[in-house]
Amino acid sequence: METKTVAVCMWSLGQGGLPVGTEEALTLGRKVASATGARLHLLVLGSLPDDCVETAGRFGVDDVDQIEDAALEAFSPDAYVEALAGYCQQESPALMIFSQAADTRVVAPRLAGRVGAGVVMNAVDVALGEGGGLQATASAYGGDTQMVYELSGAASYVVALSANALLPEPAEGGATQPGCRSIQVDLTGTNERIRVIEQARTEGPRLEDADIIVSGGRGLGGPENYKLIEQLAEALGGLAGASRPIVDEGWVDSSQQVGLTGKITRPALYLAAGISGASQHMAGCSAAKTIVAINKDPDAAIFRYASYGLVGDCLEILPELIRAARQ
Ligand SMILES: Cc1cc2nc3c(=O)[nH]c(=O)nc-3n(C[C@H](O)[C@H](O)[C@H](O)COP(=O)(O)OP(=O)(O)OC[C@H]3O[C@@H](n4cnc5c(N)ncnc54)[C@H](O)[C@@H]3O)c2cc1C
C-alpha cells in the first residue's frame, strides 16, 4: 500500500465544537503521515465547527477538506457513506481514520465494504512494522487481548480508533496553516434506508469526560440501592456509572453503562461497587488512573485492576463513604 494521503474523517452535527476523539484521531493521523511521508487531511462532513481549522493546524493537518450538503445536516448513514465513498474516489486516501463511536461504528465498515478497503475496528494504534509496512493494533475479545493486523493487499484501509486509546499530542514541529478545500460529491440520488425517529438523550455532563466516576453493579442487590452510587458520586463531585446487567434489568439508563458496549472512560478515580470486573466492563474503565473496588468476594477479578480494594458488603461500606465524603 502506498501512503500518499491519510484522512481523518469526522462530523460535528452542529454541536458547536469538534466531536470528542477528533484530537486523538488527528494525533494518530499525524504519526502515520509523518512516518510514511503522506499528507494529512481532515475531512469534515457538514458544517465546519468554529475551532476546526485552528485545531487541525495544531495537530499538523495539511488540508481541511469539507463536503457540505443538505443531506449531511443530520446523521444519515447512507448519505454519509455515499459522501465518504465519493471522497475516496476523488482523493484516493490510503488510510481513513475515524474516532470510534456509535455513529462511526455504523459508517466505517460500510464505507470499507463500499470502496473495497480493508477495515480494522477497535484500533488502538497504527505504526510501521518491521517490514516497513503499516500495522494496526486493535483490542479483541472484549479487551482481553490485542491483535496486530498487517495493512497490505488492499489499496486503502479504514481504521476506527477506540475511545481513549491514546492521548492527544499536538504536532511536534509547531502548528501548520491548513488550507480549506470544498469537495463536491453528488448526493441527490441517495436513498436513506434508516430514519432517526428520536435522538438519544445527550444533555448534561458525559461519563467519557468525567474525572470521578462511581459505578454500581449487580452486587447492589436491587434498583433501590443504586441511590447509594448516585449519592457518593454527587458527594465526590463525580458522575454515576453502571455495569451492563443493571442497565439490562432497567435499574439505570443505558447512557450510564461503562464498558465495551457502553462508555469508554478515563477518569482520575473509578470507584466500582458490587462489580465483578469482567473484561467487558474493564474495557471501559481500566484506563482510570486509580481504581477503587468494593466487593464481598476477595477473589473477585476487579481486585486485579484495583489500586485499593475493600472486601466487604457494599451496602454497609457505601453509606460510610458517603458520610465521609460529605464531611
Ligand atoms: C459482548 C459483550 C459485551 C459486554 N459489554 C459489557 C459492558 O459494556 N459493560 C459491562 O459492565 N458488562 C458488559 N458485558 C457483561 C459482562 O461480561 C459481565 O457479565 C458484567 O460486567 C457483570 O456485571 P456485574 O459485575 O455487575 O455483575 P456480576 O458479574 O454478577 O458481579 C457482581 C459482583 O458483585 C459482588 N457482590 C455481590 N453482592 C455484593 C455485596 N453486597 N457487596 C459487595 N459486592 C457484592 C459479587 O461478588 C460479584 O463480584 C458484556 C458481555 C458481552 C458478552
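Everything that follows concerns the structure shown earlier in this document.
Residues numbered from 1 in each chain as written. Predicted model: local features only at pLDDT ≥ 70, side-chain atom pairs only at ≥ 80, totals over all residues. Heavy atoms only, no water.

1. Things to note about the overall build of the chain
Argument step 1. Each helix and strand in the chain was counted, giving 9 helices and 14 strands.
Argument step 2. Expected size for 327 residues packed as a compact globule is a radius of gyration near 20 Å; at 21 Å, the chain falls within 12% of this value.
Argument step 3. Per-residue burial over the chain gives 47% buried out of 327 residues.
Argument step 4. Counted over contacts in the chain with a minimum sequence separation of 6, partners at least 24 positions apart contribute 62%.
Argument step 5. Accessible surface computed for the chain: about 15,900 Å², of which carbon and sulfur atoms make up 47%.
Argument step 6. The chain carries 23 positive and 40 negative side-chain charges, and their two centres are separated by 3 Å. (Helix = DSSP H or I, 4+ residues; strand = E, 2+ residues; numbered from the N terminus. Rg over C-alpha atoms; globule rule 2.2 N^0.38 Å. Buried < 20%, exposed > 50% of the residue type's maximum accessible area, 1.4 Å probe, protein only. Contact = heavy atoms within 4.5 Å. Areas by Shrake-Rupley, 256 points an atom, 1.4 Å probe, with all protein chains shown as cover. Lys, Arg positive; Asp, Glu negative; His and termini not counted. Charge placed at Lys NZ, Arg CZ, Asp CG, Glu CD.)

2. Thoughts on the site of the ligand
Argument step 1. Around the ligand sit 24 residues in total, of which Ser243, Thr261, Ser276, Gln280 and Asn295 are the nearest.
Argument step 2. Glutamine 257 places a polar side-chain atom, nitrogen or oxygen, 2.9 Å from an oxygen atom of the ligand.
Argument step 3. A distance of 2.7 Å is found between an oxygen atom of the ligand and a backbone nitrogen or oxygen belonging to serine 276.
Argument step 4. Notes on the ligand: free accessible area 990 Å², of which the protein chains cover 74%.
Argument step 5. Partitioned by chemical class, the residues of the shell around the ligand number 6 nonpolar, 13 polar and 5 charged. (Near = heavy atom within 4 Å. Polar contact = N/O pair within 3.5 Å; in protein donor to acceptor, adjacent residues only side chain to side chain. Nonpolar A, V, L, I, M, F, W, Y, C, P; charged D, E, K, R; others polar.)

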